[in-house]
Amino acid sequence: MKSKFIKSIAVLLCMLTICVVFAGCTQQNTNKATEPDIITAPATEAVVTEPLKDNLSFVPYTEYNLEEDTEVKNIILMIGDGMGENIIENAEIIKGDKLAMRGMPYKCYVTTDSLDGTTDSAAASTAMSCGVKTHNQYIGVDENKEAVETIIEFSKARGLKTGVVATQIIPHATPAGMIAHTDYRGLFNVILKQMINANVDVMYGGGSEYTDTAKMQQRIENSGYTYIKTADELYNNSLETPVIGAFNWGGMYAGNLPSLTDMTASALELLEGEDGFFLMVEESYIDITEADMDMEGTIKEMQSFDKCIDYTLSWAETHPGTLVIVTADHETGGVIVPEDRKPESVNNDCFTSDGEHTSTNVALFAAGAKSGELFTEDMIDNTDIAKIMRQALNDTYGEAEVKFLNEVSQ
Ligand SMILES: [Zn+2]
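Residues numbered from 1 in each chain as written. Predicted model: local features only at pLDDT ≥ 70, side-chain atom pairs only at ≥ 80, totals over all residues.

**Student:** Explain helix α13 (residues 295-317) to me, and be specific about the residues and the numbers.
**Tutor:** Compared with an ideal rise of 1.5 Å per residue, which puts 23 residues at 33 Å, α13 spans 32 Å between its outermost C-alpha atoms and is within 8% of the ideal. The buried fraction of α13 amounts to 17 of the 23 residues, a majority that puts the element mostly inside the structure. (Helix = DSSP H or I, 4+ residues; strand = E, 2+ residues; numbered from the N terminus. Expected span 1.5 Å × (residues − 1). Buried ≥ 20, exposed ≤ 12 C-beta atoms within 10 Å, placed from the backbone.)

**Student:** Lay out the sheet that holds strand β5 (residues 226-228) in plain terms, naming residues and giving numbers.
**Tutor:** Within the open sheet, the 10 strands sit side by side as β5-β6-β4-β3-β7-β1-β8-β11-β2-β12. Their pairing is mixed. Of all the strands in the sheet, the pair left with one neighbour each is β5 and β12 (379-381). Mean inter-strand twist for the sheet, computed between neighbouring axes without regard to direction, equals 15°. Note: strand β2 (residues 106-111) against β12, 3 bridges, orientation parallel. Within β12, the position partnered with V110 by the bridge is I380. Here helix α15 (residues 382-397) sits on the sheet in contact with β1 (74-80), β2, β8 (322-328) and β12, set at roughly 90° to β12. (Pairing = 2+ DSSP bridges. Axes fitted to C-alpha atoms, helices over the stretch in contact; angles between N-to-C directions. Contact = placed C-beta atoms within 7 Å.)

**Student:** Account for the nonpolar core, naming residues and giving values.
**Tutor:** Core analysis: the biggest nonpolar cluster contains 108 residues, and M78, M195, A267, L279, V324, I325 and A366 have the highest contact counts within it. Ignoring anything within four residues of it in the chain, the contact list for A366 reads M104, Y106, V324, I325, S371, L374 and F375. (Core = buried A, V, L, I, M, F, W, Y, C linked by C-beta atoms within 7 Å.)

**Student:** Residues and numbers for the packing of helix α4 (residues 121-130) against α15, please.
**Tutor:** Taken N-terminus to C-terminus, the directions of α4 and α15 make an angle of 30°; their axes are 5 Å apart at the nearest point. With respect to each other, α4 and α15 are oriented roughly parallel. Contacts between α4 and α15 involve A124, A127, M128, S129 and C130 from the first element and N382, T383, I385 and A386 from the second. Looking at the contact of α4 with α15, its residues break down into 6 nonpolar, 3 polar and no charged. (Parallel < 35°, antiparallel > 145°, perpendicular 65-115°, else oblique. Nonpolar A, V, L, I, M, F, W, Y, C, P; charged D, E, K, R; others polar.)

**Student:** I'd like to hear about unusual backbone geometry, residue by residue, with values.
**Tutor:** P242 follows T241 through a cis peptide bond whose omega is -5°. If you trace the backbone, P242 turns up in the loop between α10 (231-235) and β6 (243-246). The omega torsion of the bond from L257 to P258 falls at 0°, within 30 degrees of zero and hence cis. By secondary structure assignment, the location of P258 is in the loop between β6 and α11 (260-271). At D354, a position not held by glycine, the phi torsion is positive, near 60°. With respect to the element layout, D354 can be found in the loop between β9 (331-332) and β10 (357-358). A count of 10 C-beta atoms within 10 Å places D354 in the exposed class. Its identity is not glycine, yet K370 carries a phi of approximately 55°, on the positive side. With respect to the helices and strands, K370 occurs in the loop between β11 (362-368) and α14 (371-374). On the neighbour-count criterion, K370 (20 C-beta atoms within 10 Å) is buried.

**Student:** So what about the environment of I196? Which residues, and what values?
**Tutor:** Tracing the sequence through the fold places I196 in helix α7 (residues 188-197). For I196 and G224, which are 28 residues apart along the polypeptide, the C-alpha to C-alpha distance reads 9.7 Å. Setting aside its immediate chain neighbours within four residues, I196 contacts R219, I220, S223 and Y225.

**Student:** Kindly report on the pairing of β6, identifying the contributing residues and their values.
**Tutor:** The side-chain alternation of β6 yields two buried faces, one formed by V243 and G245 and the other by I244 and A246. As judged from the 4 bridges shared by strand β4 (residues 202-206) and β6, these two strands associate in the parallel manner. Counterpart to G205 in the pairing with β6 is A246. Across 3 bridges, β5 lies against β6 in parallel orientation. The partner of Y227 across the bridge, within β6, is I244.

Don't take any of this as a statement about function, it's just geometry.
Written out as structure tokens, the structure reads:
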């Protein structure tokens, strides 16, 4: 009883916090780069109180051999939110070996700035999805707030199946930028409506706070979606598309079940088929733990992402025609690699930007179908990621007319 009471108070307090944060954001609608990514952090911290259930440890490094000389049938875009290259290196110091992404044969660097300078996750997602530079907080719209075709709209126009998997709430900036159109990333209910309206085949993440309302439940049902909320329901292999899985009230730190790997494995099983697919997978809490300057927490997120990349590469090895891209939307934390490169030196002192995003270039790794032909430059811009994915899909599936699945919400 007592713990229930405390939990209720905690939930009330963080709802109040969210209201205050939203009120501030709505009034100002500023373009500050780093503020919005932590909008949902207080809620998540208060609600995720159960002990870690997943066995968090680094998977052994394995090198996979993905076929390159084949058309691009499927694209898997994997994003570590806030994952600069130095946090990759620090994770490798702790692991004592390479992370799975290092085995991907093509590597380049990516510039990430938005029209406002250092990017937030919304403008970065829009750049990678739509191929345009825009303002922070904007989702799937250009600087004039006009809709620009998202990668999921582009994929659906060519008959592909589509999916988004994230550890954040489903309508959070990165998954939202793959689908929706709005000039304010904080409109989670509106974004979620757009995502459902777009008939994305698989959407997994947190955020039952938004999916569980009576109105949203009606919308989910009317759109023909199966709605699941527990890891057990996810592991049930009789699932069919379209499916929405919201596995926590807020987002999910590494260690919660279902894990990012569990969600990705299910999505791949559901999306695989003759049609081909586009799937975006995001380890969302690298950014949040870096913003908190919490190295131990950040390493856990990196363990979770490493495991998911390892799984995805092994899957792609047995599914020729799959292009796998691993990158980040921006760097967070101004992370440095300790000079002595000792595990004990990888600690909270490695954060140098006071938890802020930075403009440091991020790394991109590619493997699989046509990866060597598509990624030939040492340095690209984040908008090039959208252009490269489109070129690959056009080569396989042909051109198609632009068809917006939603109007711009303001
Ligand atoms: Zn981000």
